[in-house]
Structure formats: C-alpha cells, structure tokens
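# A structural walkthrough
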Amino acid sequence: AQSVTQLGSHVSVSEGALVLLRCNYSSSVPPYLFWYVQYPNQGLQLLLKYTSAATLVKGINGFEAEFKKSETSFHLTKPSAHMSDAAEYFCAVSERGGSNYKLTFGKGTLLTVNP
Amino acid sequence: KAGVTQTPRYLIKTRGQQVTLSCSPISGHRSVSWYQQTPGQGLQFLFEYFSETQRNKGNFPGRFSGRQFSNSRSEMNVSTLELGDSALYLCASRYLAGGPSEQYFGPGTRLTVT
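Note that this is a predicted model, so its numbers are computed, not measured.

The rules behind these values
Residues numbered from 1 in each chain as written. Chains lettered and ligands numbered in written order. Predicted model: local features only at pLDDT ≥ 70, side-chain atom pairs only at ≥ 80, totals over all residues. Heavy atoms only, no water. Helix = DSSP H or I, 4+ residues; strand = E, 2+ residues; numbered from the N terminus. Contact = heavy atoms within 4.5 Å. Areas by Shrake-Rupley, 256 points an atom, 1.4 Å probe, with all protein chains shown as cover. Lys, Arg positive; Asp, Glu negative; His and termini not counted. Charge placed at Lys NZ, Arg CZ, Asp CG, Glu CD. Salt bridge = Lys/Arg side-chain N within 4 Å of Asp/Glu carboxyl O. Polar contact = N/O pair within 3.5 Å; in protein donor to acceptor, adjacent residues only side chain to side chain. Nonpolar A, V, L, I, M, F, W, Y, C, P; charged D, E, K, R; others polar. Buried < 20%, exposed > 50% of the residue type's maximum accessible area, 1.4 Å probe, protein only. Pairing = 2+ DSSP bridges. Axes fitted to C-alpha atoms, helices over the stretch in contact; angles between N-to-C directions.

## A short note on the overall build of chain A
- If you tally the helices and strands in chain A, you get 0 helices and 12 strands.
- The linear arrangement of helices and strands in chain A, starting from the amino end, is β-β-β-β-β-β-β-β-β-β-β-β.
- When its C-alpha atoms are laid out on the principal axes, chain A stretches across 45 × 30 × 20 Å.
- Put simply, of all contacts in chain A between residues at least 6 apart along the chain, 56% involve residues at least 24 apart.
- Summing over all exposed atoms, chain A offers an accessible surface of approximately 5300 Å²; the carbon and sulfur share of this is 51%.
- In chain A, which carries 9 positive and 7 negative side-chain charges, the distance between the mean positions of the two groups comes to 7 Å.

Here you go:
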C-alpha cells in the first residue's frame, strides 16, 4: 500500500526566506505525486504535479518540487516566502496504472510566515 | 468555468440521524471523488464515481454511501451518524476517470454531529 510522510507538521519561516516542505513516499513503483494547498475554510488547490516527465516540476505561486527516485522524495520549495503563502500544504500520491487513481495524502504541514 | 460546488457548506446533525451531502462537478467532468478530513485522521478517501458507477471505495463502514447521477452530480449519504463522523467532507472532480489528470476540489461541507 502506498503511504506518504510529511516531515514536520508545522514549519515557520520569515517573509522572504526559503520555504522547504518535505515529502517522502512509499511505493514499489514511482507513483504520480501532487502538492495541494489548503487555506482556512477552503478546499484543496493543486500547486503542482509529477507524472514522469521532467523531475523538476514548476507550479503556481512560485512553488516548485523535485522528484528524486533514489530518495523517494518530492520536496516542495519556494525561494522567497510571502505572507500569503501561510496555509496548510498536503503531499499526495496516486497509483500508476490500473484503475485506482485515488489520492493518498500525507498528514499535512502548516506553514507560518512571520513578518 | 464554474468550479466544484458543494451544498450545504455547514451542517449540524444529531447522533443517530442521517445526512445527505451534494456535489456538483465542473462542467464536463465525469469523475467525482469524496474525501473525509478530520484533525486526527487527516484526509481519507471515501469513494469515487464515474459514469454513475462506483469505481473505488475506501475503508469506511457501510453507513457511508454515495451515488452519481446522469449529469455527473453526486451525493453522499451517512446513516446513523456518530460523533466521530464530524468532519469536513470534500468532493473532487476530474475530466477522466483514469490517468494523472488533476482533481479539482470543492470548498467542502463541514458536518458537526452532536
């Protein structure tokens, strides 16, 4: 069964600092990988996805993530944090192949941005 | 194009009652999935419907059920509500049932069971 581990349930950075949110997956076959963001009282918004094209994936709002098969990781980064980035971030995986494309989510990382 | 809509946004029910939540997918999307979000368990997959057929089901008791209509709108029903069913229920739609097409989420229905 697939699983996702997000290291750090809470990350705090200063405005303008680098944002690094960690995600590791467990799967026998490299899955599809996603990062979602959730603002308070809202649903999930897709930031970016990895589907086996380029290993460095660029998403919305200046975020990007790099797929590293050897490390089974898909960490999310942003060079310079903005106050509006404060939210909860979820890493998710989906099986490759077959008919089961459900998303399995990590526990989430709450990002706080300090002025 | 309008996004995924869910109604109602907030709901308060009493233990033992049943509840029906509604989801309207993005126009043209034929796959609808449901997820439960709680502080303790996080985001968990409930089920997915495509062309009015349930394709996948998560590990939830039979009290949780769903259906999809010919216009792709979906409903989920929870019978005999328990306190632990209090959660944010999220609906997501996508164009295709298979492949890595992204899922678009609605704002959710927050269910409180007292």
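## Focus on the side chain of A:Gln6
- By the secondary structure assignment, A:Gln6 is in the loop between strand S1 (3-5) and strand S2 (10-14).
- In this structure, A:Gln6 is in contact with A:Arg22, A:Trp35, A:Tyr89, A:Phe90, A:Cys91, A:Gly106, A:Lys107, A:Gly108 and A:Thr109, ignoring residues within four places of it in sequence.

## Considering the interface of chain A and chain B
- Taken together, the 19 residues of chain A in the interface contact 23 residues of chain B.
- At the junction of chain A and chain B, the tally comes to 1 salt bridge.
- Linking A:Lys49 and B:Glu102 is a salt bridge whose minimum nitrogen-to-oxygen distance equals 2.5 Å.
- Here chain A and chain B share 6 residue pairs in polar contact (both at pLDDT 80 or more) between them.
- Broken down by secondary-structure element, the contributors of at least two residues to the side of chain A that touches chain B are strand S5 (32-38), strand S6 (44-50) and strand S11 (103-105) of chain A.
- Ranked by residue count, the leading element in the side of chain A that touches chain B is S5(A), at 4 residues.
- Counted by class, the side of chain A that touches chain B contains 9 nonpolar, 7 polar and 3 charged residues.

## So, the pairing of S2(A)
All names here are of chain A.
- Of the two faces of S2, the one holding Val 11 and Val 13 is buried and the one holding His 10, Ser 12 and Ser 14 is not buried anywhere.
- Relative to strand S12 (residues 109-114), S2 is paired through 5 bridges, and the arrangement is parallel. Residue Val 13 lies in a different strand from S12, and its bridge partner there is Val 113.

## Points about the sheet that holds strand S3 (residues 19-24) of chain B
Residues and elements named next belong to chain B.
- Taken together, 4 strands build an open sheet; the order of strands is S1-S3-S8-S7 and the sheet is antiparallel. Strands with a single pairing partner mark the edges of an open sheet, and in this sheet they are strand S1 (5-7) and strand S7 (64-68). Between one strand axis and the next, the sheet turns through 20° on average, direction left out of account.
- Here 3 bridges tie S1 to S3, and the two strands are oriented antiparallel to one another. Note that in S3 the partner of Thr 7 across the bridge is Ser 22.

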